Every structure is written in structure tokens, then in C-alpha cells.
Amino acid sequence: MLHPGHTSITPFQQPPLIQSPTLTHHLSRTTHTYNSHTNTRTTPDTHPLITHRLLPSLCSRGLMGNLLKVLACAELEHGPIVFLDFEHAQPTEAETAVWNQVSAVLEEAHGILAELQSYNGAGQEIREAIQNPGDLALQEKAWNAVCPLVAKLKRFYEFSLRLENALRSLLEALTSPPYAPMQHLEREQALAKQFAEILHFTLSFDELKMTNPAIQNDFSYYRRTISRNRLNNQQLEAENEVNNEMANRMSLFYAEATPMLKTLSNATTKFVSENKTLPIEDTTDCLSTMACVCRVMLETPEYRCRFTNTDTMLFCMRVMVGVIILYDHVHPVGAFAKTSKIDMKGCIKVLKEQPSNSVEGLLNALRYTTRHLNDDSTSKQIRALLQ
């Protein structure tokens, strides 16, 4: 088995030439390989089409792990593009501490999504209580139905705080000196994979939340009941678990169209602002490259047809949208300006080519969670695409 820092190249049949200006631009560059043992970079005498031939191979070997292989960081304007093999990525000794911390958070993610997916709300009980304000039995029934749901919403909110800390740890590890972002992703493949998994969870959570109005309805009823009883000098037992301060923070969280992504956006912005000595490009170049790679994978039939499961498509789209929004919050001019390193027209068109029921949540995330969409520097074409 090769060391994670190596890139293996095996011969196979060359696919048809892709008529993609962006891809052709990337493929015209020299492929570099980073040797993590000697901390040196070599430039092999290799035909530029090796990267062209390598990508379909990486796509054809499986599902999620195969897509993660191509989430590589490239120096977009003048540097190389390197494809990394995340198939069997295991944390190195240097990665272990951060990997263990993030892994503990990600282990909870599946359970959180399952709970959210099965969240039905207490709409019927609440309606009956509101329509019959004098019926104490119905009031108690609604309250007993809402309280366990609010406890669940509290767990979701607290998980977002742990996810924020996990993201910060990954950003620190993947951008710390003396290595450039591309070198970090080559050396620390296990951490890069976790970064993509966090984005995948975040977009999945927000898609479910946006299509479930019961969440805000239940929480609003809970807060109204608490306020009414406080005016009557009554304190309900549930207040011990969700006090007024916690309720205020949860209210702000669930008021967002995409609360998890908003949390990560704020965390990324805060990370950049607090690390004054760290060039902002160390963060934005990594994000823009991930967006570019995902877009090429989605828009190129020769690559896309090798996906064996629709989950791979959804994974790729969620990661692409996630890094776009993070980029837009961190970069001074955002993702929609002409000077942006992200091809926003291409990314939006790729999303719109998919079934609307699978991408509407992602398009809404671009519409309502980005910071620079409505700036004067955003072209009318891009705005029209998102209408």
C-alpha cells in the first residue's frame, strides 16, 4: 500500500477528449507529486494528459471514497493540479489528535440526521390547544407533546456548536504554517476527507430543516407557553432544561434558512479574522479548488456516468455548494464577482440540470445564505440563474 502522500499513476485507455475550457486549462499544467517523507516536490517528465486519464480511474473505483479522491487543492492561477487518493486514507501520527476529535463529532452526525428526518412535530396537538384555550386537558396534551421535541431541538443546536469546533480544528490543521494549502491536503488526506464529510452533513441537515415547518412552529409554541406562565408567576419543569437564555440562542439558530451552514460560515469568517498572520488565500484557494473539482465531476458525462449510486451525485453537489458559501463569506469580494476563482455560472447550471426535488434546497442555500449575491458586482446572468 502506498503512503498517503504519494500519487500513483497506472496506464489505462484514454477517454474521449473533454470539450471543457476550464478542464483543458487545468490539464495543460504540469502534474506535481509531493513526497511527504523528504518534504520535497518533484516534477516528473509526464504528458499533460496524465491528469486527464487519471480522473476517470479515480471515479470508477467506488462510491464516496472515490469522489473524495479528487477533492484536491490546486493553485488555480499558475500552479499544478494534483489528484489525491483518499480511498484508504488513515490518519498519520501528526493527524491523530485532530482526527479523533472530529471523528467523535461525525459519529453523532448520522443519528442527528435520522432524528431530524423522523421529526413529525406536534401540529395537531398545538392546533387543538389553540382552538380550545379553556380546555386544560388539551393544553397539557400539547405541552407534553412539545417538550420532548424541544429537547431534541436543543440537542441539534448543541451539536452545531460541536460541529463548529470541529471545523475550526480542521481549518487550523489544514492552513497552519509552514505548508501551503495544497501541501496540507496532500499530507493530511484523512483531515481533508473529514472536512468534506462535515459539509455533506451540513447541507443534508439544512435541506431537511428547510422542508419541515413544524420545527419553528413547535418552538414558537413552546416559547409562548413559557412566556405566558412566567407572566402568571408559574415556572414549568421544562424550563430547567431549556432556560430563557438557551431559548433565545436556539431561536436565532432556527430562524436561519440554513442554520448549520450559517454556523459554519460564521465559524470560517471568525477563523480568518482571528488569524491575522494567516493569508486569507490559504483558506479561499482550498475552497475554490474543491468547488472546481466537484463541478467538473458533475458536468462531465464521461466522469459522471461512472458514478454507481445517486448518493455520489448528491454528495458532490452538497460539498460544492458548501465550499461556495464558505468562500463567499470569507473572500472580500465573494464568489459571485468576475474576479472570483469559482465558475459560478457553471456551478449553478450543473445544479439546475439535476431533478428539482434533489437540488432546490441547495439552490435556496445559495440564494439565502451567501453574502455577496446581491452586490452590484454580481452579473445579471448569475442573478437570473438563481431566480
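Relevant structure appears above.
Presented here is an overview of the structure given in this document. Small disclaimer: the values here were computed from a predicted structure and weren't measured. Residue indices follow the written sequence of each chain, beginning from 1 at its first position. Thresholds applied to this predicted model are a pLDDT of at least 70 for local features of residues and 80 or more for the giving and counting of side-chain atom pairs; totals over whole chains, interfaces and linings are not thresholded and use all residues. For side-chain calculations, the full set of non-hydrogen atoms in the structure is used, while hydrogens and water are omitted.

A few points about the packing of helix α4 (residues 96-117) against helix α6 (residues 136-175)
Put simply, α4 and α6 touch, their axes get as near as 10 Å, and they point 150 degrees apart. Taken together, the axes of α4 and α6 are roughly antiparallel relative to one another. At the point where α4 passes α6, the crossing takes the left-handed sense. Contacts between α4 and α6 pair Val-98, Gln-101, Val-102, Val-105, Glu-108, Ala-109, Ile-112, Glu-115 and Leu-116 from the former with Lys-152, Arg-155, Phe-156, Phe-159, Arg-162, Leu-163, Asn-165, Ala-166, Ser-169, Leu-170 and Ala-173 from the latter. Ten residue types, Ala, Val, Leu, Ile, Met, Phe, Trp, Tyr, Cys and Pro, are classed as nonpolar, four, Asp, Glu, Lys and Arg, as charged, and the remainder, Gly among them, as polar. When grouped by side-chain class, the residues that make up the contact of α4 with α6 number 12 nonpolar, 3 polar and 5 charged. Every angle, taken between N-to-C directions, lies between 0 and 180 degrees, and every axis is a line fitted to C-alpha atoms, over only the stretch in contact when it is a helix. Numbered from the N terminus, helices here are DSSP runs of H or I no shorter than four residues, and strands are runs of E no shorter than two. In this scheme, roughly parallel covers angles under 35 degrees and roughly antiparallel covers those over 145, while 65 to 115 is roughly perpendicular and the rest are oblique. Throughout, a crossing is termed right-handed when the near helix is turned clockwise from the far one, and left-handed when it is turned anticlockwise from it by less than a right angle. It only takes one pair of heavy atoms within 4.5 Å for two residues to be counted as in contact.

Observations regarding empty space enclosed by the protein
Two kinds of site are reported from a 1 Å grid over the protein atoms alone, namely cavities, where a 1.4 Å probe fits but cannot get out, and pockets, open sets with protein on both sides within 12 Å along at least five of seven lines, and residues are called lining when an atom falls within 4 Å of a point. Grid points are joined across faces, edges and corners, and a volume is the space filled by probe spheres set on the points. Applying the stated criterion across every chain yields a total of 3 cavities of 30 Å³ or more. Volume-wise, the largest cavity comes out at about 120 Å³. The wall of the largest cavity is formed by 12 residues, among which Leu-171, Leu-174, Phe-195, Cys-286 and Met-290 lie closest to the centre. Among the elements of the structure, α6, α8 (189-210) and α12 (280-299) are those that each provide at least two residues to the lining of the largest cavity. With 5 residues, the single largest contributor to the lining of the largest cavity is α12. Looking at side-chain class alone, the lining of the largest cavity contains 9 nonpolar, 2 polar and 1 charged residues.

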